[in-house]
Each structure stands twice: as C-alpha cells, then as structure tokens.
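Here's the letter readout for the chains.
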Amino acid sequence: SAGGLHTVGLKADGTVVAVGNKSSNQCSVSDWREIVLVSAGGLHTVGLKADGTVVAVGNKSSNQCSVSDWREIVLVSAGGLHTVGLKADGTVVACGWNDFDQCNVSEWKDIVSVSAGYSYTVGLKEDGTVIAVGKNSKRQCDLSEWKDIVSISAGSYHTVGLKADGTVVAAGWNENGQCGVSDWRDIVSITAGFDHTVGLKSDGTVIAAGSNKDGQCEVSEWEDIVAVSANETYTLGLKADGTVVATGRNDYGQCDVSDWCDIRLRY
C-alpha cells in the first residue's frame, strides 16, 4: 500500500514491513501480528487483524488512528487525515478529519467496498452503484450515474471506477490527464494517486495515465503483476512471486522495496 511518502507491505505470515517517511511513526509496524490487510494514509498506517479489529500508527492530529474500538471490520482504507472501515454487515465507520463531512458515513448500507481519498470517501454498493461524501471541489464525488462498478479508488481529487466488463471510468480533476482512461480495456484492478491513475491488466501488465514528472507512470515494462497501488508521486506493483517493484519519487526511500519478499495483497 502506497501512502503519502511511505510504503507498507503485508507479509505472508501476517506481519508487516514499511519504508519511507517516518516523521510521525507511520512506519512503526514491526510488532504487528495476525494482520490480514494494510492501508497507508497521508501520515498514518492502518492494519486489519484476523479477528476483525483494527490497529493504527502515525499522525493522530485529527484522531485518524482512533480505531481501537472498531469490531467486525472486513476492509479498511486510510485517507489523507481520516480512516474508513467497512463492517461485515455492510455498514461503514470512520474517524479523523471531518471538515468536509468525509466521515459522515454512518447511514450507509449495503456497502461492499470503501476507499478514502484525501478529503472525501467513496463507497461501492451491492448493486454496482457508487456513493460519496466529502470535498467535491473537482467533482470527484459526482458518481451517482456510475453503474456496473466492481472496484473503486479515491485519489486526492479524482475517483476511478472499474466496471464489470473490464473498462474504467473516472471523475474529478483531470488537469494532467489522470482521468483519461476511457479507452482502457481488460483491466482487473485500478488505483488513483495524486494526479495519475494506474490500471492492472488481465495479462499482468500495467498501464498508467496522468502526470509523469517524477516517473510515476513508467510502468509499461512491468510484468507478472497481481496488484497495484498509487499515491502522491509514486507507484507500486506486487508481483506474482511476492516481490515488489516501484517507480517514481523516492526522496524518503518509499520506493526502496527491491529486497521485499513474501508480500501479498491480503492474508
């Protein structure tokens, strides 16, 4: 999982590794155990445990790490300064920065997936439609017309949705062409960064759209990829053999993952 300037990896044994910016202790995950899913936010990291509880480390300025009382969680997503959790009954909980109502998800129902952006939250419903709350300055929350969606990813100011037929839709800020995904085909996974979008194809190759000023879209030579994650100015790819590749900005060592092994998307 790619955070603001740090990277988090889930190992096959349920432990967690992290590299990159450590200014808020967001990489202090070496003692985590029985983790089944990880999500890296702006300056915090969240881990879902096998028993449905949640742990978090890092910046706590907006209470984004206040997850100790969460129960029956099946999915977590860390945003810029807030955290979202999907419960087993299809309802959603959230904590953290709420200046734009991005944590106002208590009335959501029939949700199957959630994604926390910088200042907004997106939810995928059972019927393939999408809902969103929070900052909508670039129309990143204008998703009411989306249909047949199977996966979602909220970036900083744009949102990406994967359709059941392998095509992709996008809404929001498009100054650098990050929403230019209408011609993508055979996509199985998507991820939205700050001003770029990355898609994983069914053959294990990767495509990208948007800004490439730091090399974050240089993924055309990647092969055997099973998962992708983008945030800020870099991109990660998980390979089928459990190793990880990265491209883009690396000023905090967030791309120093070449020695990682036994990494998996979910335990």
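Residues numbered from 1 in each chain as written. Predicted model: local features only at pLDDT ≥ 70, side-chain atom pairs only at ≥ 80, totals over all residues. Heavy atoms only, no water.

On a plain count of helices and strands, the protein comes out with zero helices and 20 strands. Relative to its length of 267 residues, the protein is compact, with a C-alpha radius of gyration of 17 Å against a globular reference of 18 Å. By its C-alpha atoms, the protein is 45 × 45 × 25 Å across when sized along the principal axes. The burial tally for the protein puts 55% of its 267 residues in the buried class. Sequence-distant contacts, at least 24 apart, represent 39% of the contacts inside the protein between residues at least 6 apart. Entry remark: accessible area of the protein is about 11,200 Å², with carbon and sulfur atoms responsible for 41%. For the protein, the distance from the average site of its 21 positive side-chain charges to the average site of its 33 negative ones is 3 Å. (Helix = DSSP H or I, 4+ residues; strand = E, 2+ residues; numbered from the N terminus. Rg over C-alpha atoms; globule rule 2.2 N^0.38 Å. Buried < 20%, exposed > 50% of the residue type's maximum accessible area, 1.4 Å probe, protein only. Contact = heavy atoms within 4.5 Å. Areas by Shrake-Rupley, 256 points an atom, 1.4 Å probe, with all protein chains shown as cover. Lys, Arg positive; Asp, Glu negative; His and termini not counted. Charge placed at Lys NZ, Arg CZ, Asp CG, Glu CD.)

Attention now moves to the pattern of salt bridges. Throughout the structure, instances matching the rule amount to one salt bridge. Residue Arg-249 is joined to Asp-251 by a salt bridge in which the shortest nitrogen-to-oxygen separation is 2.8 Å. Given the relative accessible area of 37%, Arg-249 is considered partly exposed. On the accessibility criterion, Asp-251 (42% relative accessible area) is partly exposed. (Salt bridge = Lys/Arg side-chain N within 4 Å of Asp/Glu carboxyl O.)

Let us look at the pairing of strand β17 (residues 206–210). Note: strand β16 (residues 196–201) against β17, five bridges, orientation antiparallel. By the bridge assignment for β17, Thr-197 is matched with Ala-209. Between β16 and β17, which pair antiparallel one after the other, the connecting turn spans four residues, and Gly-204 there sits at a positive phi close to 85°. (Pairing = 2+ DSSP bridges.)

The two faces of a sheet get side chains in turn, since along a regular strand they alternate between them. Here strand β13 (residues 158–163) lies mainly inside the structure; five of its six residues are buried. Alignment of strand β12 (residues 149–154) against β13, held across five bridges, turns out to be antiparallel. Counterpart to Ala-154 in the pairing with β13 is Thr-159. From the end of β12 to the start of β13, which pair antiparallel, there are three residues. Examined bridge by bridge, β13 and strand β14 (residues 168–172) share five bridges and lie antiparallel to one another. Following the sheet pairing, Thr-159 is matched in β14 by Ala-171. Where β13 hands over to β14, the hairpin turn is made up of four residues, of which Gly-166 adopts a positive phi near 85°.

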